[in-house]
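Residues per chain, in single letters:
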Amino acid sequence: MAESMNNTSDEKLMTRYRTGDTAAFDSLYGRHRGPLFRYVQRQCSNHAVAEELYQDVWMRVIRAREQWQPGTRFQPWLYRIAHNRIIDHWRAGRENHLQIEDEAVIPLDRPWPDAVMLIRECVERLFKLLAGLSEPQRSAFLLKEEAGLSLEQIAEVTGTGYETVKSRLRYALRRLRTGLEGCDE
Amino acid sequence: MSDNHDLHDKQISRLYKLGSKTEPPHHIDAEITHAAHAAIPGQRRRFIRPSLATAAVLVLSISLVFKVLDQEPLEKSVMDSLPTDQSDSIAQPAESELDTHVLVKTKEKVTAPAAVMPDADTTRAGKPLPQPQRSAPKKYQTTRPEQKPKPPAAFKQDDSLGKTQTQMLSAPIKEEGTKLQKKSRMQLGYGKRLLRQKRKSMAPAVTASSILERFDCKTIQLPDSNSAAEWHHHYKTAMEQGQEQYANCLKQTYLERFGKALPEHLNE
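## A closer look at the overall build of chain B
Here is step 1: Scanning chain B from N- to C-terminus turns up 14 helices and zero strands.
Here is step 2: Secondary structure elements of chain B occur, N-terminal to C-terminal, as α-α-α-α-α-α-α-α-α-α-α-α-α-α.
Here is step 3: Taking all 268 residues of chain B together, 37% fall into the buried category.
Here is step 4: Total accessible area on chain B stands at roughly 17,400 Å², and carbon and sulfur atoms take up 57% of it.

Listed below in structure tokens is the structure:
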């Protein structure tokens, strides 16, 4: 059963969940929990708020399961819900700007050896730079890197045009490359 | 596709993936999955749907069985109770199936003839016939205490007795009853057959007066003698024994045979 779930597409799992198969949801959730959580987390400086938003996104998915059309792709639909939730959060003024502070930098999971301290430093710098991006640029970057969405899908999620997404991504990468000078080795 | 490739920076992606190991806390995972399971009562539905269908089929089957059984035993009970105690078999189904209004009406029609049923038993036993017109009002009174029974005097007259009994028998058929009454009567199975039997059992009591009126004087045994005293003796004895019709026949035959009336009093 678990193996068959692994080979099943997101869309089929979602369809099965709509018809009452809760195991399908479990499998679906297991696939997207990490990337979605990180996507939300990168958009918020407050860890507790990120958890709250992340949970709320899944609750919306659960509530909106009947609205999901089997013909549509699940992942863009999921991230659109997350994106809208984050936009709502920002518009509510609860968090005006991501503060580029040491606390805002996501700590790395494990201690790295001294040999790779440079890499760790580069990673931390990347997240600082990421937090300093504008929300649209950051969203476009995160949707591409974290969710693995195509430009078309990013445009669909963010409700913008293809060229706009391309432009945002280009600007984001330019700023990140500039900030990550010396990390090429 | 080429745009995707152009906008992909391997170095940045590698650095990003190295730092992207965080995952949601387990308690949030548990809350979300719990909410997802609770939102879909699909598993319960799957159990409920067949059980509902099964229950519906069971209810229909049981009601059908009851309906069939409801008809058969009643008919059987009526048939079985006919030779023994017909009053019970008639009254019980009426009470169980009809409401009070219908029950009263049914009893009004049914119990009167039913009250005569014991007479048939006593007749078979060789006992003298009790007055059927008295037992019927008694039963009638017990079932409908709010209504006063008709005075027995009305039953003493032969004509009125005949009419009343006939009405009581024919009323269930002629009178407009509710559909429920008709249906219950049909279900009980005592319709025509039972009424016919009741008429049969009541026939001697009901038609006794009419028989007296149409007494066939040719069938009675007349005195062989031409003596007026003997004829008078027979006449007097018949009157004393209450055989008025016989006495009348004697008078009538005496008049026809001897051309003069039988003297009611002889100078002895």
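What follows picks up the thread again.
## As for the overall build of chain A
Here is step 1: Along chain A, the regular secondary structure elements total nine helices and zero strands.
Here is step 2: Put simply, chain A runs from its N terminus to its C terminus through helices and strands in the order α-α-α-α-α-α-α-α-α.
Here is step 3: Counting every position in chain A, which comprises 185 residues, the buried fraction comes to 52%.
Here is step 4: Sequence-distant contacts in chain A: of pairs separated by 6 or more residues, those separated by 24 or more amount to 61%.

## Observations regarding the pattern of salt bridges
All names here are of chain A.
Here is step 1: Enumeration over the complete set of coordinates arrives at 16 salt bridges over all chains.
Here is step 2: Its salt-bridge partner being Arg 31, residue Asp 10 comes within 2.6 Å of it at the nearest N-O pair. A residue pair is termed long-range when its members are at least 10 positions apart, and Asp 10 in helix α2 (residues 10–18) and Arg 31 in helix α3 (residues 22–42) qualify at 21 residues.
Here is step 3: Using a relative accessible area of 28% as the deciding quantity, one classes Arg 31 as partly exposed.
Here is step 4: Here Arg 60 ties to Asp 56 by a salt bridge, and the two come within 3.4 Å at their closest N and O atoms.

## Focus on the interface of chain A and chain B
Here is step 1: Between chain A and chain B, the residue contacts involve 50 residues of the former and 34 residues of the latter.
Here is step 2: When residues of chain A are sorted by the area they lose upon contact with chain B, Thr 22, Arg 33 and Glu 145 of chain A head the list and together hold 15% of the total.
Here is step 3: Taken together, chain A and chain B are joined by four salt bridges.
Here is step 4: Among the salt bridges present, the one from Asp 9 of chain B reaches Arg 177 of chain A, with a minimum N-O distance of 2.3 Å.
Here is step 5: Inspection of the region where chain A meets chain B yields 15 residue pairs in polar contact (both at pLDDT 80 or more).
Here is step 6: Those elements that provide at least two residues to the side of chain A that touches chain B are α2, α3, α4 (47–63), α6 (117–132), α7 (135–145) and α9 (162–179) of chain A.
Here is step 7: Among the elements that take part in the side of chain A that touches chain B, α3 of chain A stands out by supplying 10 residues, more than any other.

## Points about a nonpolar patch on the surface
Residues and elements named next belong to chain B.
Here is step 1: Among the surface-exposed residues, Leu 58, Ile 62 and Phe 66 lie close enough to one another that they form a single nonpolar patch of about 310 Å² accessible area.
Here is step 2: Its location among the elements puts Phe 66 in helix α4 (residues 42–81).
Here is step 3: Judged by its relative accessible area of 55%, Phe 66 falls in the exposed class.

## Considering the packing of aromatic side chains
Residues and elements named next belong to chain A.
Here is step 1: Counted by the stated rule, this structure contains 14 aromatic pairs over all chains.
Here is step 2: On the basis of an interplanar angle of 40 degrees and a centroid distance of 4.8 Å, the ring pair of Tyr 17 and Phe 25 is categorised as tilted.
Here is step 3: You can call Tyr 17 buried: its relative accessible area is 0%.
Here is step 4: Using a relative accessible area of 0% as the deciding quantity, one classes Phe 25 as buried.
Here is step 5: Relative to Trp 58, the ring of Phe 25 has its centre 5.8 Å away and its plane inclined at 85 degrees; by these criteria the two rings are edge-to-face. Here Phe 25, found in helix α3, pairs with Trp 58, found in helix α4; they are 33 residues apart in sequence, far enough to count as distant.
Here is step 6: Overall, the relative accessible area of 0% leaves Trp 58 in the buried class.
Here is step 7: Through successive ring pairs, a cluster of aromatic residues spans Tyr 17, Phe 25, Tyr 29, Phe 37, Tyr 54 and Trp 58.
Here is step 8: Between the NZ or CZ atom of Arg 174 and the centre of the ring of Tyr 171, over which it lies, the distance is 5.2 Å.

## Quick look at the packing of α4 of chain A against helix α3 (residues 26–39) of chain B
Here is step 1: Where α4 of chain A contacts α3 of chain B, the two axes come as close as 10 Å, and the packing angle between them is 15 degrees. By the angle between their axes, α4 of chain A is roughly parallel relative to α3 of chain B. Between α4 of chain A and α3 of chain B lies a crossing of right-handed hand. Of α3 of chain B, the residues touching α4 of chain A (which contributes Glu 51, Tyr 54, Gln 55, Trp 58, Met 59 and Ile 62 of chain A) are His 27, Ile 28, Asp 29, Glu 31, Ile 32, Ala 35, Ala 36 and Ala 39 of chain B.
Here is step 2: When grouped by side-chain class, the residues that make up the contact of α4 of chain A with α3 of chain B number nine nonpolar, two polar and three charged.

## Thoughts on the confidence of the model for chain A
Here is step 1: For chain A, per-residue confidence averages 84 on the pLDDT scale, and 85% of positions sit at 70 or higher.
Here is step 2: Counting contacts from residues 99–105 of chain A, a segment whose pLDDT is below 50, to residues more than four positions away or on other chains yields eight contacts.

## What to know about the nonpolar core
Here is step 1: One finds Tyr 54, Trp 58, Tyr 79 and Phe 141 of chain A together with Ile 32 of chain B to be the most contacted residues of the largest nonpolar core, which totals 64 residues.
Here is step 2: Residue contributions to this core peak at nine residues, all from α4 of chain A.
Here is step 3: When residues are assigned to domains, this core turns out to be shared by domain 1 (1–96) and domain 2 (97–185) of chain A, each giving three or more.
Here is step 4: Other than its neighbours up to four places away in sequence, Tyr 79 of chain A contacts Pro 35, Leu 36, Tyr 39, Leu 143, Ala 147, Leu 149 and Val 157 of chain A.
Here is step 5: Ranked by size, the runner-up nonpolar core spans 12 residues in total, among them Trp 231, Ala 247, Leu 250 and Leu 262 of chain B.

## Examining the confidence of the model for chain B
Residues and elements named next belong to chain B.
Here is step 1: For chain B, mean pLDDT is 61; residues scoring 70 or higher make up 38% of the total.
Here is step 2: Within chain B, helix α6 (residues 100–124) has the poorest average pLDDT of any element, 39, and α3 the best, 92.
Here is step 3: Predicted confidence is poor over residues 83–177, with pLDDT under 50, and the contacts of this stretch with residues over four places away or in other chains come to 106 contacts.
Here is step 4: In the predicted structure, residues 203–212 sits below a pLDDT of 50 and forms seven contacts with residues beyond four places in sequence or in another chain.

Rules used in this analysis
Counting restarts for each chain: residues are numbered from 1 in the order of the written sequence. Here the convention is simple: chains get letters from A, ligands get numbers from 1, in the order in which they are written. With the structure being a predicted model, the display of local features is reserved for residues of pLDDT at least 70 and the display and counting of side-chain atom pairs for 80 or more, all residues being used for whole-chain, interface and lining totals. As a convention, hydrogens and water are excluded, and side-chain values are obtained from all of the structure's heavy atoms. The numbering of helices and of strands both runs from the N terminus, where a helix is a DSSP run of H or I of at least 4 residues and a strand a run of E of at least 2. Partly exposed residues are those whose accessible area sits between 20% and 50% of the maximum for their type, while under 20% is buried and over 50% is exposed, using a 1.4 Å probe and protein chains only. A 1.4 Å probe and the Shrake-Rupley method give the accessible areas. Residues count as covered only by the protein chains that appear here. Residue contacts are defined here by distance: any two heavy atoms, one from each residue, within 4.5 Å place the two residues in contact. Salt bridge, as used here, is a side-chain nitrogen of Lys or Arg placed within 4 Å of a carboxyl oxygen of Asp or Glu. A simple way to read buried area is as the amount of 1.4 Å-probe accessible surface that goes missing from two parts once joined, with both sides added. Counting of polar contacts relies on pairs of N or O atoms within 3.5 Å, with two restrictions inside protein: one atom must be capable of donating a hydrogen and the other of accepting it, and residues adjacent in sequence are counted only when both atoms are side-chain atoms. Within this analysis, patches are made of residues with over 30% relative accessible area and no salt bridge. Like charges are joined at 9 Å or less; nonpolar side chains (Val, Leu, Ile, Met, Phe, Trp, Tyr) at 5 Å or less. Whether two aromatic rings pair depends on their centres lying within 6.5 Å, for rings of Phe, Tyr and Trp, where Trp uses its six-membered ring; planes under 30 degrees apart make the pair stacked, over 60 edge-to-face, and the rest tilted. Only Lys NZ and Arg CZ are tested; either one counts as a charge over a ring when it is within 6 Å of the ring centre and within 35 degrees of the ring normal. Only the stretch in contact is used when a helix axis is fitted, and all axes are lines through C-alpha atoms; the angle between N-to-C directions ranges over 0 to 180 degrees. Orientation categories follow fixed angle ranges, with anything under 35 degrees roughly parallel, anything over 145 roughly antiparallel, 65 to 115 roughly perpendicular, and all other angles oblique. Handedness of each helix crossing follows the sense of rotation of the near helix against the far helix: counterclockwise by less than a right angle gives left-handed, clockwise gives right-handed. Under this grouping Gly is polar, as are all residues other than the nonpolar Ala, Val, Leu, Ile, Met, Phe, Trp, Tyr, Cys and Pro and the charged Asp, Glu, Lys and Arg. Across the chain, each position has a pLDDT score giving the predictor's confidence in that residue, from 0 to 100. In this description, a nonpolar core means a group of buried Ala, Val, Leu, Ile, Met, Phe, Trp, Tyr and Cys residues linked to one another through side-chain atoms lying within 4.5 Å. All domain edges in this entry derive from an automatic or database-based domain assignment.

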